[in-house]
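These are the residues of each chain, in order.
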Amino acid sequence: VTDGYYEAETLQVFEELHIDRERIWFGEAHLVPEPDNPYEPKSIAVYIDELKVGRMSVKDSAAYWEPITRVVASGYVPVALSYCAPCR
């Protein structure tokens, strides 16, 4: 997931996050295609608890674009089990 753009949203998800120590998180992330993104039309956003916390990398978005958009076209929400270990 890209970083640096969604710090406020990330802090809302990880309210008890402390900068000086590592924290491991397991949870569910929703993957949302963004075909209207003017910079990268095949970008895939990552949401946790209705908050956009980032995007998949360009390389990963390209690799997963077709299967994820097929899932969305079928009326489902793609979900990924996430593991996050913020830096110390």
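Source: prediction; values computed, not measured.

Definitions and cut-offs
- Residues numbered from 1 in each chain as written.
- Predicted model: local features only at pLDDT ≥ 70, side-chain atom pairs only at ≥ 80, totals over all residues.
- Heavy atoms only, no water.
- Helix = DSSP H or I, 4+ residues; strand = E, 2+ residues; numbered from the N terminus.
- Polar contact = N/O pair within 3.5 Å; in protein donor to acceptor, adjacent residues only side chain to side chain.
- Contact = heavy atoms within 4.5 Å.
- Expected span 1.5 Å × (residues − 1).
- Bend = angle between axes of the 7 residues up to and from the residue.
- Buried < 20%, exposed > 50% of the residue type's maximum accessible area, 1.4 Å probe, protein only.

## Re the side chain of S43
So, step 1. Relative to the elements of secondary structure, S43 occurs in strand 2 (residues 43-48).
So, step 2. A distance of 3.2 Å separates a polar atom in the side chain of S43 from a polar atom in the side chain of N37.
So, step 3. Sequence-distant contacts of S43, defined by excluding residues within four places in its chain, comprise V32, P33, E34, N37, R55, S61 and W65.

## What about helix 2 (residues 58-73)?
In an α-helix there are 3.6 residues to a turn, and that puts residues three or four apart on one side.
So, step 1. With 16 residues, helix 2 should reach 22 Å at 1.5 Å per residue; the first-to-last C-alpha distance of 21 Å fits that figure.
So, step 2. Largest kink in helix 2: about 55 degrees, centred on W65, with the proline P67 one to four residues after it.
So, step 3. S61, W65 and I68 are the residues of helix 2 that are buried.
So, step 4. Where helix 2 ends, the next residue or the one after it, G75, has phi of about 90 degrees, a positive value.

## Focus: the side chain of N37
So, step 1. Inspection of the secondary structure puts N37 in the loop between strand 1 (25-34) and strand 2.
So, step 2. Judged by relative accessible area, which is 10%, N37 ranks as buried.
So, step 3. A polar side-chain atom of N37 sits 2.8 Å from the main-chain amide nitrogen of Y39.
So, step 4. With near-sequence residues (within four places) excluded, N37 lies in contact with S43 and R55.

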